[in-house]
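Take a look at the letters that make up each chain.
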Amino acid sequence: MATTNTTPASSTPQAPHFPEQVTGMYVLARALKNVGIENVYGLVGIPITEAAYLVQDQGIRFVGFRHEQQAGMAAATEGYLTKKPGVLMTVSSLGFMNGLTATANATVNCYPMIQISGATDPMMVDMRMGTYEEMDQYNTARPLVKAVFRCYKAEDIPSAVTRAYRAAVSGRPGGVYIDMTTPALGQIMNREDADKLFYEPVDVYSPVAPNQAAVDRAVEILTSAKRPAILLGKGAAYAQVDDKIKTLIEKYNIPYLPMSMAKGLMPDDGPLSALSCRSTIMEKSDVVMVIGARLNWMLSFGRGKWNPDMKFIQLDVEPQEIDVNVPIAAPVVGDMGLSLDAILAKLQNAKMSADPTWVTSLQAETKEKNAKFQARLQANKDASPMDHWTALGVIKPIIESNPDIILVNEGANTLDDTRDAINMSLPRHRVDCATWAIMGMGMGSAIGAAVGTGKQVVAIEGDSAFGFSGMDFSTICRFKLPVTVVIFNNGGIYNGIGKPMDNTTDPAPTTLDINARYDKLGEAFGAQTYYVQTPEELDKALKESIASKKPCLIDVQLAADSGAESGHIGYLNPAPIQQITV
Ligand code: ADP
Ligand code: MG
C-alpha cells in the first residue's frame with residue numbers, strides 16, 4: 001500500500017556510532033559553547049534530555065528547574081544582569097508554552113534571552129497527523145518575541161544560535177525563539193563534518209551611534225534648562241554605562257529620579273537623588289532627560305501630572321520608542337554608551353543655565369520627606385503581629401549594609417513598600433516584576449541572578465507572589481545557591497481579611513493562608529529555615545541567613561490586615577473591594 005509522502009524523518013530511530021558520529025544535539029551544545037554561553041536553564045524530557053547532558057559535557061552549567069516559566073525567568077534575569085542572552089531550554093508543547101510566558105515577558109522588558117525548544121517534526125505538525133506533542137510552536141512564538149528561527153537540519157543549528165544571539169542583544173534587546181525540531185536534534189553526522197560547522201562570529205553586538213544633529217539639539221535644550229532632571233530607567237542600568245551617567249549627573253549637577261530597577265545606578269540617598277520628589281520633578285521640571293525608560297503607564301504616559309510645557313530629551317536605542325504618548329523635543333536614538341559619549345563631548349564646551357535654587361529646594365524637600373518616611377517606619381516598629389512596615393524597618397538596615405546583595409522583589413504591598421523602604425547603592429542590584437508588573441518571577445529571577453553573577457541574593461516575596469514559583473525554591477536548594485527567600489505572609493492577595501460574598505461559604509477571592517508555615521516547605525528541601533513573629537526574630541534570622549551563604553527561607557508572620565489593594569492605578573481598580581455589592 002502506498003504511504004503518505006510526509007514520511008517523518010523521526011520515524012526511523014537510529015543511534016550514532018560513537019565516537020566518530022554525533023547527533024544534532026551535540027551540534028547544539030557546541031554551538032552554545034561557541035558563542036560563549038555559560039549557563040542553560042531548563043527542564044528536560046523528550047526530545048531534549050540528551051541535549052542537556054551534552055550541554056553539561058561542554059562545560060556549560062545546566063540548571064534544571066521544576067517549572068519552565070521559572071527557568072525562563074532565570075534566563076531573562078541573567079540576560080538583564082550580564083548583557084549576554086540567557087538561554088532557556090524546553091520540551092515541546094506545554095513545556096514550550098510555559099517557557100514562552102517568560103520569553104514574552106523578557107521581550108516586553110527588553111531583556112536578552114533565547115528560548116530553544118524541542119519541537120515535533122514540522123512536516124507532521126503541518127499535516128496535522130496527530131503526532132506526539134503536536135503544536136505549531138514556531139508560529140505561536142512569532143508574535144510574542146523579537147525573532148524566530150527554525151532548524152530543520154543539524155547544519156542549521158550553529159547559524160540559528162549565532163543569529164539568535166545577535167537578535168537578542170542588538171538594538172532593543174529581547175527574547176528570541178529557536179524551534180529545534182526533532183529531525184535536526186536526532187540527525188546523525190560524522191563528528192568531523194559537525195566540527196567544521198563552527199565559526200567565530202564577528203561583533204555579535206555592534207553599537208549604533210546617534211547622529212550629531214540630535215546630540216547638538218539635546219545638549220542645547222539641556223543647557224538652557226532652568227530646572228533640569230534626569231529620569232533613569234532599567235535600559236540605562238542594563239547598558240552598563242554607569243560611569244558616563246555618573247559623570248553627566250555629577251559634573252553638571254542634575255537631579256535624578258530612578259525607575260524601580262534603575263535604583264542604585266546612582267545611590268538612592270545621594271545628594272542629587274530626587275527619589276523622594278517624584279511629583280515635584282513631574283510638575284516643576286522644565287527639561288527632563290529620559291535615559292533608557294519608557295513614558296508608559298508607570299510614568300502616567302508623560303501626561304496629566306507632568307508639566308505641560310516640559311521638554312523631553314529621550315535617549316533610547318529603539319527609534320519607535322520616540323513620541324510614544326508625548327512629543328519628544330530631542331530624541332537621541334542610539335546605543336546608550338555612544339549617545340552619552342557624544343553628549344558628554346558636546347557638553348565640554350557648554351554652560352548649564354539651571355536655577356541654583358532648583359537643586360537646593362529638591363534637597364530640602366528630600367530631607368523633609370525622608371524624615372516623615374523614617375517616622376512612619378519607626379511608628380510601626382513594635383506592631384504585633386508585625387505589619388509590612390515593621391518587617392521592613394528590620395530588613396532595611398541589614399540589606400543596606402550589604403549593598404552587593406541582589407534584591408529580588410515581587411508582591412503587591414510587599415513590592416511597593418520594599419521598593420520605597422530599601423535604598424539601593426549599586427547598579428543592577430534590584431530585580432522586580434518590571435514593566436508588566438507580573439507576579440511569578442521570584443524564584444526564577446533569584447536563581448538567574450545568583451547563577452548569572454555569582455552574587456548573593458535576597459528575595460522579598462509576598463505570600464501570593466511566592467505561590468507562583470515556590471516549588472522552584474527546591475532548585476535553589478539542589479544547586480546550593482546563596483539565596484535567602486523572605487516571605488511576607490499576610491494571608492492573601494493584598495491582605496488576608498477579604499470577606500466572601502454573602503451567598504457562599506468559600507473563602508474570598510483574595511484570601512490565602514494566614515497560618516501557612518512556608519518554612520516547612522523550605523525544610524522539605526533541606527534549607528535553613530525560620531518562622532518569625534517578632535522584629536527581634538526577623539533581625540536574627542536575616543542576619544544568620546546572609547552570613548550562612550546557604551539556601552535559606554524565612555517565613556515572616558504578618559497581621560492578616562496588613563496591606564491594602566495596591567497598584568496606584570485608579571482607572572484600573574476604581575472601586576475599593578469593600579464597596580462592591582451584589
Ligand atoms: P523602566 O521600566 O525602568 O522605565 P523600560 O524597560 O520601560 O525601563 O525602558 C527601557 C528602555 O531602554 C527601552 O525603551 C529600551 O529600548 C531602552 N534600552 C535598552 N537597552 C538599551 C541600550 N543598550 N541603549 C539604549 N537604550 C536601551
Ligand atoms: Mg499577601
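Residues numbered from 1 in each chain as written. Chains lettered and ligands numbered in written order. Predicted model: local features only at pLDDT ≥ 70, side-chain atom pairs only at ≥ 80, totals over all residues. Heavy atoms only, no water.

## Remarks on the sheet that holds strand 5 (residues 113-119)
Note the cut-off: Pairing between strands requires that DSSP locate at least two bridges from one strand to the other. The numbering of helices and of strands both runs from the N terminus, where a helix is a DSSP run of H or I of at least 4 residues and a strand a run of E of at least 2. Helix axes are fitted to C-alpha atoms over the stretch in contact, other axes to C-alpha atoms as well, and angles between N-to-C directions run from 0 to 180 degrees. Working rule for contacts: check all heavy atoms of both residues, and any pair within 4.5 Å makes them a contact.
Pairing within the open sheet is parallel, and its 6 strands lie in the order 3-2-4-5-7-6. The two strands at the open ends of the sheet, each matched to only one other strand, are strand 3 (61-64) and strand 6 (147-151). In this sheet, adjacent strand axes meet at a mean angle of 20° when their direction is disregarded. Here helix 3 (residues 68-82) sits on the sheet and contacts strand 2 (39-42), strand 4 (86-90) and strand 5; the angle it forms with strand 4, its principal contact strand, is near 165°. Here helix 18 (residues 442-453) sits on the sheet in contact with strand 2 and strand 3, set at roughly 160° to strand 2.

## Let's talk about helix 10 (residues 212-223)
For clarity, the threshold we go by: What a helix should span is 1.5 Å times the count of its residues minus one. Relative accessibility thresholds used throughout: buried, under 20% of the residue-type maximum; exposed, over 50%; partly exposed, between the two (1.4 Å probe, protein chains only). A 3.5 Å cut-off defines polar contacts: any pair of N or O atoms within that distance qualifies, except that in protein one atom must be a possible hydrogen donor and the other a possible acceptor, and neighbouring residues in sequence count only when both atoms are side-chain atoms.
Between the first and last C-alpha of helix 10 there are 16 Å, a value that for 12 residues agrees with the 16 Å anticipated at 1.5 Å per step. Along helix 10, the residues classified as buried are Ala 214, Val 215, Ala 218, Val 219, Ile 221, Leu 222 and Thr 223. Packing partners of the buried residues in helix 10 comprise strand 9 (228-232), helix 12 (242-251), strand 11 (287-291), strand 12 (311-316), strand 13 (330-333) and helix 14 (336-347). For helix 10, the N-terminal capping position is held by Asn 211, with its side-chain oxygen 3.1 Å away from the main-chain nitrogen of Ala 213.

## Observations concerning the coordination of the magnesium ion (ligand 2)
Here is the rule: A donor here means an N, O or S atom no more than 2.8 Å from the metal, or no more than 3.2 Å when the metal is Na, K or Ca. Since water is not included, a site may seem to lack partners.
Looking at the magnesium ion (ligand 2), the protein donor atoms are Asp 463 (OD), Asn 490 (OD1) and Gly 492 (O), and they sit 2.1 to 2.2 Å from it. On the basis of relative accessible area, Asp 463 is assigned to the buried category, the value being 3%. Relative accessible area serves as the criterion here: at 4%, Gly 492 is assigned to the buried category.

## Brief notes about the site of ligand 1
What counts, and what does not: We call a residue near a molecule or strand as soon as one heavy atom of that residue lies within 4 Å of the molecule or strand. Methods summary: accessible areas were calculated by the Shrake-Rupley approach with a probe of 1.4 Å, and residue burial reflects only the protein chains presented. Grid spacing is 1 Å over the protein atoms alone, the probe is 1.4 Å, and a cavity is where that probe fits but cannot get out, while a pocket is an open set with protein on both sides within 12 Å along at least five of seven lines and lining residues have an atom within 4 Å of a point. Cavities and pockets are treated as containing a molecule whenever more than half of the molecule's atoms lie within 2 Å of their grid points. Think of it as three bins: nonpolar holds Ala, Val, Leu, Ile, Met, Phe, Trp, Tyr, Cys and Pro, charged holds Asp, Glu, Lys and Arg, and polar takes everything else, Gly as well.
Taken together, 20 residues sit near ligand 1, with Arg 172, Lys 234, Gly 292, Arg 294 and Asp 316 positioned nearest. Between ligand 1 and Lys 234, the relevant distance is 2.6 Å, taken from an oxygen atom to a main-chain nitrogen or oxygen of the residue. One nitrogen or oxygen atom from the side chain of Asp 316 is found 2.5 Å from an oxygen atom belonging to ligand 1. Relative to its free-state accessible area of 580 Å², ligand 1 is covered by the protein chains to the extent of 98%. Because more than half of its atoms lie within 2 Å of the grid, ligand 1 is assigned to the largest cavity. Among the residues making up the shell around ligand 1, the classes are represented as 8 nonpolar, 5 polar and 7 charged.

## What to know about the nonpolar core
Spelled out, the test is: What we call a nonpolar core is a set of buried Ala, Val, Leu, Ile, Met, Phe, Trp, Tyr and Cys residues that are connected through their side-chain atoms within 4.5 Å.
By size, the foremost hydrophobic cluster in this structure holds 82 residues, and its most contacted members are Leu 232, Leu 248, Ile 291 and Ile 313. Excluding residues that lie within four positions of it along the chain, Ile 291 makes contacts with Ile 230, Leu 231, Leu 232, Gly 233, Ala 236, Leu 248, Leu 315, Met 336 and Leu 340.

## Focus on the packing of helix 16 (residues 388-400) against helix 17 (residues 413-421)
Short version of the rule: Any angle from 65 to 115 degrees is called roughly perpendicular, while one under 35 is roughly parallel, one over 145 is roughly antiparallel, and all others are oblique. For a crossing to be left-handed, the near helix must be turned anticlockwise from the far one by less than a right angle; the clockwise case is right-handed.
Look at helix 16 against helix 17: their axes get within 10 Å of each other, and the N-to-C directions meet at 45°. With respect to their mutual orientation, helix 16 and helix 17 come out oblique. Handedness of the crossing formed by helix 16 with helix 17: right-handed. In contact with His 388, Trp 389, Leu 392, Lys 396 and Glu 400 of helix 16, helix 17 contributes Asn 413, Thr 414, Asp 417, Thr 418 and Ala 421.

## What about the side chain of Lys 263?
Of note, Lys 263 is situated in the loop between strand 10 (256-258) and helix 13 (278-284). A relative accessible area of 3% places Lys 263 in the buried class. Separated by 2.9 Å, the side chain of Lys 263 and the backbone oxygen of Arg 419 make a polar contact. Of the polar contacts made by the side chain of Lys 263, one reaches the backbone oxygen of Ile 422; its length is 3.2 Å.

## Looking at the packing of aromatic side chains
Operational definition: Whether two aromatic rings pair depends on their centres lying within 6.5 Å, for rings of Phe, Tyr and Trp, where Trp uses its six-membered ring; planes under 30 degrees apart make the pair stacked, over 60 edge-to-face, and the rest tilted. Two conditions define a charge located above a ring, namely a distance within 6 Å from the ring centre to NZ of Lys or CZ of Arg, and an angle within 35 degrees of the ring normal.
Per the counting criterion, the structure on display carries 6 aromatic pairs. The ring of Tyr 26 carries Arg 191 above its face, with NZ or CZ at 5.1 Å from the centroid. A cation over a ring is seen here: Arg 517 above Tyr 531, with NZ or CZ 3.9 Å from the ring centre.

## A word on the confidence of the model for the chain
The test is simple: pLDDT measures the predictor's confidence residue by residue and takes values from 0 up to 100.
On average, the chain scores 95 in pLDDT, and the residues at 70 or more come to 95%. With pLDDT under 50 throughout, residues 1-7 is counted as low confidence; its partners more than four residues away or in other chains account for 4 contacts.

## Quick look at the sheet that holds strand 18 (residues 528-532)
Pairing is parallel in the open sheet, where 6 strands are placed in the order 15-14-16-17-19-18. Whereas interior strands pair on both sides, the edge strands pair on one side only; in this sheet they are strand 15 (430-432) and strand 18. Strand-to-strand twist in this sheet, taken as the mean axis angle between neighbours without regard to direction, amounts to 15°. As defined by bridge partners, strand 14 (residues 406-410) adjoins strand 16 (residues 457-462) across 5 bridges and the pair is classed as parallel. Considered in strand 16, the bridge of Ile 406 is made with Val 457. Of the strands in this sheet, strand 16, strand 17 (483-489) and strand 19 (552-557) touch helix 16, which is tilted by about 160° from strand 17.

## Notes on the pairing of strand 13
Where burial is concerned, the two faces of strand 13 differ: the one with Ala 330 and Val 332 is buried and the one with Pro 331 and Val 333 is not. Sheet topology note: the strand 12/strand 13 ladder contains 4 bridges and is parallel. Each bridged residue has a counterpart across the sheet, and for Leu 315 the counterpart in strand 13 is Val 332.

## What about a nonpolar patch on the surface?
Here is the rule we go by: Patch membership needs two things, relative accessible area over 30% and no salt bridge, and members are linked within 9 Å if like-charged or within 5 Å if nonpolar (Val, Leu, Ile, Met, Phe, Trp, Tyr). What counts as a salt bridge is simple: a side-chain nitrogen of Lys or Arg found within 4 Å of a carboxyl oxygen of Asp or Glu.
Taken together, the side chains of Met 471, Leu 521 and Phe 525 make up a nonpolar region of the molecular surface, amounting to roughly 230 Å² of accessible area. Following the sequence through the fold, Leu 521 ends up in helix 21 (residues 518-524). For Leu 521, a relative accessible area of 32% gives the class partly exposed.

## Description of unusual backbone geometry
Phe 18 connects to Pro 19 through a cis peptide bond whose omega is 0°. Here Pro 19 lies in the segment before strand 1 (21-23). Note that the residue after Ser 384, namely Pro 385, is joined by a cis bond; omega there is -5°. As for its position among the elements, Pro 385 is in the loop between helix 15 (356-379) and helix 16. In this model, Ser 93 sits at a positive phi of 50°, which is unusual for a non-glycine residue. Assessed through its relative accessible area of 15%, Ser 93 is described here as buried.

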